[in-house]
Amino acid sequence: AVWGAVRKKPLALVECCHGRDPVNKEPYWISALATLHNTDMVATGSRDGFIRVWAVGQAFKSINLVNKLEMPGFVNTLSICSDGRLIVAGVGQEHRLGRWWVDKTVKNRIHLHKISAID
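Residues numbered from 1 in each chain as written. Predicted model: local features only at pLDDT ≥ 70, side-chain atom pairs only at ≥ 80, totals over all residues. Heavy atoms only, no water.

Asker: Which parts of the structure should I look at to understand the overall build of the protein chain?
Answerer: For the protein chain, the count of helices and strands is zero helices and seven strands. Going from the N terminus to the C terminus, the protein chain shows its helices and strands as β-β-β-β-β-β-β. Counting the 119 residues in the protein chain, one finds 39% classified as buried. Restricting to contacts in the protein chain with at least 6 residues of sequence separation, those with at least 24 account for 39%. Approximately 8000 Å² of the protein chain is accessible, and the part contributed by carbon and sulfur atoms is 53%. Of the charged side chains in the protein chain, 16 are positive and 10 negative; the average position of the first set lies 4 Å away from that of the second. (Helix = DSSP H or I, 4+ residues; strand = E, 2+ residues; numbered from the N terminus. Buried < 20%, exposed > 50% of the residue type's maximum accessible area, 1.4 Å probe, protein only. Contact = heavy atoms within 4.5 Å. Areas by Shrake-Rupley, 256 points an atom, 1.4 Å probe, with all protein chains shown as cover. Lys, Arg positive; Asp, Glu negative; His and termini not counted. Charge placed at Lys NZ, Arg CZ, Asp CG, Glu CD.)

Asker: Please explain the sheet that holds strand β3 (residues 50–56) as it appears in this structure.
Answerer: Each strand in a sheet pairs with its neighbour through backbone hydrogen bonds, running either in the same direction (parallel) or in the opposite one (antiparallel). With antiparallel pairing, the four strands of this open sheet are ordered in space as β1-β2-β3-β4. Among the strands making up the open sheet, the edge pair consists of β1 (32–35) and β4 (63–70). Taking the axes of each pair of neighbouring strands and ignoring which way they run, one obtains an average angle of 20 degrees across the sheet. Sheet analysis places strand β2 (residues 41–45) next to β3, joined by five bridges and oriented antiparallel. For T44, the partnering residue across the bridge sits in β3 and is R52. (Pairing = 2+ DSSP bridges. Axes fitted to C-alpha atoms, helices over the stretch in contact; angles between N-to-C directions.)

Asker: Is there a simple way to think about the sheet that holds strand β7 (residues 109–114) in this case?
Answerer: Pairing is antiparallel across the open sheet formed by three strands, whose spatial order is β5-β6-β7. The sheet is open, and its two borders are formed by β5 (74–80) and β7, each paired with just one other strand. Sheet twist, expressed as the mean angle between neighbouring strand axes with direction ignored, is 25 degrees. Pairing of strand β6 (residues 86–92) with β7, which is carried by six bridges, proceeds in the antiparallel orientation. Residue pairing for β7: A89 is matched across the bridge by H111.

Asker: Where do I start with the state of the cysteines in this structure?
Answerer: Covalent bonding between the sulfur atoms of two cysteines defines a disulfide. Tallied over the full model, the rule gives zero disulfides. Unpaired in this structure, C16 has its nearest cysteine sulfur neighbour in C17, at a distance of 8.0 Å. Residue C16 is classed as partly exposed on the basis of its relative accessible area, which comes to 30%. (Disulfide = S-S within 2.5 Å.)

Asker: Sorry, what's going on with the pattern of salt bridges here?
Answerer: Where charged atoms of side chains with opposite charge meet at close range, the side chains can pair. Applying the stated criterion across every chain, the model contains two salt bridges. Among the salt bridges present, the one from R47 reaches D21, with a minimum N-O distance of 2.4 Å. Linking R47 in the loop between β2 and β3 with D21 in the segment before β1, this pair joins segments that are 26 residues apart in sequence. Judged by relative accessible area, R47 falls into the partly exposed class, the value being 23%. Classification of D21 as buried rests on a relative accessible area of 8%. Here R52 makes a salt bridge to D48, at a shortest N to O gap of 2.3 Å. In terms of burial, R52 and D48 fall into one category: buried. (Salt bridge = Lys/Arg side-chain N within 4 Å of Asp/Glu carboxyl O.)

Asker: What is the right way to read a nonpolar patch on the surface from this model?
Answerer: Judged by side-chain polarity, W29, L97 and W100 come together as a nonpolar surface patch covering roughly 390 Å² of accessible area. Looking at the secondary structure, you find L97 in the loop between β6 and β7. (Patch = residues over 30% accessible without salt bridge, like charges linked within 9 Å, V, L, I, M, F, W, Y side chains within 5 Å.)

Any link to function would need more than the numbers given here.
Next comes the structure, spelled out in structure tokens:
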């Protein structure tokens, strides 16, 4: 959701943006979020296997999916370099705030993703 300083309701909203858990049909939590300063670029991470890159629309009225980067495991932290050419993701076997789910097929590590062009 994109929130404004004046309204009590979100200006734009994307529901279940990382999909739903097949076991309990609950939406996947967004566990990491990063923005590029003074741009419309937003990156989100969850445990669905992807980092999603979004663009906030004109006058903050929409949020559009720009790219999906494959990322198995739990995305626990995200950062976008100041030039916007690199996304850094901290990925682990577990959620950073608890052990509700565990994915033993993933190693705890830092991943770097190059972004080819910024529109």
